[in-house]
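Results of the structural survey
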There are 2 protein chains.
Amino acid sequence: MPHKMTMQEIARLAGVSLATVSRAIHSPGLLRAPTRQRVLQVMAEHRYVYNAAAGDLSRQRSTVIGLTVPTTQNPIFATSTLAIEERAQEKGFSIILGNTRYNPDTERQLLQGFLERRVAGIILTGYAFQQEDIVREIVASGIPCLVIWEQLADDALDYVGFDNREAARAMTDYLIALGHRRIGLIIGPYSRIGRVQKRFDGYRQALQGHGLALDPDLVIENAPVLEDGREAMGRLMSLPEPPTAVFAASDLLAIGALRATKEMGLRVPQDVSLAGFDDIDFAAYCDPPLTTMRVPSHDIGQLAATVLMETIETGQPQRRRYSLNTDLIMRASCAAPRA
Amino acid sequence: MPHKMTMQEIARLAGVSLATVSRAIHSPGLLRAPTRQRVLQVMAEHRYVYNAAAGDLSRQRSTVIGLTVPTTQNPIFATSTLAIEERAQEKGFSIILGNTRYNPDTERQLLQGFLERRVAGIILTGYAFQQEDIVREIVASGIPCLVIWEQLADDALDYVGFDNREAARAMTDYLIALGHRRIGLIIGPYSRIGRVQKRFDGYRQALQGHGLALDPDLVIENAPVLEDGREAMGRLMSLPEPPTAVFAASDLLAIGALRATKEMGLRVPQDVSLAGFDDIDFAAYCDPPLTTMRVPSHDIGQLAATVLMETIETGQPQRRRYSLNTDLIMRASCAAPRA
DNA sequence: TTATGGAATGAAAGCGATTACATCATGCGG
DNA sequence: CCGCATGATGTAATCGCTTTCATTCCATAA
């Protein structure tokens, strides 16, 4: 471990004051060329590494952004996360990442950590009702904060999202238009998660709009992972009167469901139609390729990061709320029901 | 924005000294109950939030760990990342995540950032030859550093990995044992990435060990993404004399390749066997389920985090190097070649 | 030659904590 | 009733940098 270098030390070695060293780094234009060069030279010779932590404290600002995400295990969140990180990196911000694993306590702990670390801004992937209080505290603290992946009614919070309800309704409408009347729904924990609840609403509204009754047996709520999709599909198709189409409100669930059909000897879409939601990369590589609702997850991340950093830099707490579009991607997993 | 609270301010309001407030937070046992309670009460009333940045500077330590990863877009890295983050969180460490996107400049920039931020430790997912110098600087700086996903010859660096060469050789051996003689290889950028190079070596050694010649036409190097796997497989199977089995050295490539077979009307494994590497969750959900080499990515992450934090806490720079086992997971995508 | 004003540099007060050390009560044994 | 060990609290230096303000330097114009 080399003797630790500080600006003070560099200053001494270069025969200048501490302030001059700081200037050599941040505003070299203020220094006469020879002075600057001497300082830089000494820094290089002694492998001086700037201490950003000290700098941030002194400057009373920070260049890290806190990001919570349910789990980067789900490729769809991995995509927005990557976009955020990419954009942040370009602007010299770092990302502290926290996976909530859908656990409110974990999330609360992460947010508390962000507050204590005095992050410059926060992006929440999804809004969980359970910690309204902390979120309010964040807003109150003045730290710019953005929720992504959903639209919020709450006026105090900004977001970059899309209309989950409308998207789910559109997909359900599509299945109905194909002629389906019994449409199953495999969906994440909608009682706890805003965006999932919206999707459920969309499904319900679509049925209702076409005078179809909502059969509770056709709705399965579980965790958004492959295995649960498979299991749910198994149950759905074992029903005395199975659905002719199934809408899985997340591609992970859909891909799991697809596997179940294979295991049961069912053909998609001949025996049952299957639709997903998200359009993760794998969706196009399934067999058959999955019809799904494309969510602009890369754009969400990119826009969110851009907007957040702008807010940070201008210091303007103005409302920023963006809704992006989703696209129904028709591939081969849906068709009209058999006659 | 509430008037910002500092320990000093709390001290004043509680009628005690700054030091007492600090103690109320970190070593409450040192205070008399009434004193402690008064302080805690004042903190609660004024919503005081501890400033970890200042604390870290003063204490000359930090509780953040820097983590670089090629891209969390690849589920296999997402898994180890998640495990690391989970473990770190338990111990009160935060993770600064950086995606290198396989770009040496990006990686260098990230590492420089870690150094400047005085992170407590660093985990590198993979070792790229291109920035040996920075890595040396890290080691020299005394910051505990760990490479994951590979084994290193370099004595200066610790790792938690597995034997990429042996794993690739085992898979190739398996295909040979099934009776294949023309075995294609679809593999990531092995000229630049250590672990990928090892896999290539394993493939080559297996062929060699069985007296089979390495046909360069059968080896395709590309980026480890679905689309490139698809494209590569298309090329391989269009060869005048196509392989009877293909080893894709990453599941992403394998799943892409699987799609290509569907599009070409080829059946797996009847017309061609296909093997992957990693065992991402999706591998078991493919059609047919993918035979692949399971890499203990969750364990790697968990162990790496544990080891790193231990090193941080003890301050012992002792060598820590762990190799975990891989498992050949036989599913339905490989079979003997047709007679 | 002497003001004069801008450019270059230095001095020093923070930023918000931690912590070694000093101080001041207490309660106990003698 | 005194001395002293112990426990509770306060004092103040420090961490490494930023930044305001003051100072010095020098070239230019009068």
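The structure this text deals with has already been given above.
**With respect to the overall build of chain A**
A tally of regular secondary structure across chain A gives 12 helices and 12 strands. Radius of gyration (C-alpha) of chain A: 26 Å, far over the 20 Å computed for a compact globule of 339 residues. Dimensions of chain A along its principal axes, counting C-alpha atoms only, are 90 × 40 × 30 Å. When the 339 residues of chain A are sorted by exposure, 55% land in the buried category. Within chain A, counting contacts between residues at least 6 apart in sequence, those at least 24 apart form 70% of the total. If the 36 positive side-chain charges of chain A are averaged to one point and the 38 negative ones to another, these points end up 7 Å apart.

**Comments concerning the packing of helix α1 (residues 7-14) of chain A against helix α3 (residues 33-45) of chain A**
To describe two helices that pack against each other, one gives the angle between their axes and the distance between the axes. Residue and element names in this part refer to chain A. For the pair α1 and α3, the least separation of the axes is 9 Å and the interaxial angle reads 120°. What the angle tells us is that α1 and α3 run oblique. The two elements α1 and α3 meet at a crossing, and its hand is right-handed. Between α1 and α3, the residues in contact are Ile10, Leu13 and Ala14 and Arg38, Val39, Val42 and Met43, respectively. For the contact of α1 with α3, the class distribution of residues is 6 nonpolar, no polar and 1 charged.

**Let's talk about the relation of the copies chain B and chain A**
For the pair chain B and chain A, the relating rotation is 180°, the translation along its axis is 0.0 Å, and the fit reaches an RMSD of 0.0 Å. Each copy turns onto its partner about a two-fold axis. Residues of chain B ranked by C-alpha distance from the rotation axis are headed by Ile96 of chain B, positioned 2.2 Å from it. In this assembly the copies share their binding face: 98% of the residues contributing to the interface of chain B also contribute to that of chain A.

**Section: the sheet that holds strand β8 (residues 245-248) of chain A**
Residues and elements named next belong to chain A. Strand order in the open sheet formed by 4 strands is β7-β6-β8-β9, with parallel pairing between adjacent strands. Edge strands, defined here as strands with exactly one partner in the open sheet, are β7 (219-221) and β9 (273-275). Across the sheet, the mean angle from the axis of one strand to that of its neighbour is 15°, orientation sign disregarded. Bridge count between strand β6 (residues 183-187) and β8: 4 bridges; the pairing is parallel. Of the residues in β8, the one forming a bridge with Ile186 is Ala248. Most of the contacts of helix α10 (residues 226-237) go to β6, to which it runs at about 155°, and overall it touches β6, β7, β8 and β9.

**Topic: the packing of aromatic side chains**
Scanning the entire structure with this criterion turns up 13 aromatic pairs over all chains. Aromatic side chains Phe247 of chain A and Phe277 of chain A sit 6.3 Å apart centroid to centroid with 35° between the ring planes, which places their arrangement in the tilted category. Here Phe247 of chain A, found in strand β8, pairs with Phe277 of chain A, found in the loop between β9 and β10 (292-294); they are 30 residues apart in sequence, far enough to count as distant. Residue classification places Phe247 of chain A among the buried positions, given a relative accessible area of 0%. Measuring from ring centre to ring centre gives 5.2 Å for Phe77 of chain B and Trp149 of chain B, while their planes differ by 80°; the resulting arrangement is edge-to-face.

**Points about the sheet that holds strand β4 (residues 145-148) of chain B**
A sheet is described by the order of its strands in space; here 12 strands give the open sequence β11(A)-β5(A)-β4(A)-β3(A)-β1(A)-β2(A)-β2(B)-β1(B)-β3(B)-β4(B)-β5(B)-β11(B), paired in mixed fashion. Whereas interior strands pair on both sides, the edge strands pair on one side only; in this sheet they are β11 (321-324) of chain A together with β11 (321-324) of chain B. Pairs of neighbouring strands in the sheet enclose a mean axial angle of 20°, with direction left out of account. Bridge analysis of strand β3 (residues 121-125) of chain A against strand β4 (residues 145-148) of chain A gives 4 bridges, and the strand direction is parallel. Within the sheet, the bridge partner assigned to Ile123 of chain A lies in β4 of chain A and is Leu146 of chain A.

**Overview of the state of the cysteines**
A disulfide bridge is the covalent bond that connects two cysteines by way of their sulfur atoms. Summed over all chains, the structure comprises 0 disulfides over all chains. No disulfide involves Cys286 of chain B; its nearest neighbouring cysteine sulfur is the one of Cys286 of chain A, lying 8.1 Å away. Residue Cys286 of chain B is classed as buried on the basis of its relative accessible area, which comes to 9%.

What counts and what doesn't
- Residues numbered from 1 in each chain as written.
- Chains lettered and ligands numbered in written order.
- Predicted model: local features only at pLDDT ≥ 70, side-chain atom pairs only at ≥ 80, totals over all residues.
- Heavy atoms only, no water.
- Helix = DSSP H or I, 4+ residues; strand = E, 2+ residues; numbered from the N terminus.
- Rg over C-alpha atoms; globule rule 2.2 N^0.38 Å.
- Buried < 20%, exposed > 50% of the residue type's maximum accessible area, 1.4 Å probe, protein only.
- Contact = heavy atoms within 4.5 Å.
- Lys, Arg positive; Asp, Glu negative; His and termini not counted.
- Charge placed at Lys NZ, Arg CZ, Asp CG, Glu CD.
- Axes fitted to C-alpha atoms, helices over the stretch in contact; angles between N-to-C directions.
- Parallel < 35°, antiparallel > 145°, perpendicular 65-115°, else oblique.
- Left-handed = near helix turned anticlockwise from the far one by under 90°.
- Nonpolar A, V, L, I, M, F, W, Y, C, P; charged D, E, K, R; others polar.
- Least-squares fit on C-alpha atoms with pLDDT ≥ 70 in both.
- Pairing = 2+ DSSP bridges.
- Phe/Tyr/Trp six-rings, centres within 6.5 Å; stacked < 30°, edge-to-face > 60°.
- Disulfide = S-S within 2.5 Å.

None of this, on its own, says anything about what the molecule does.
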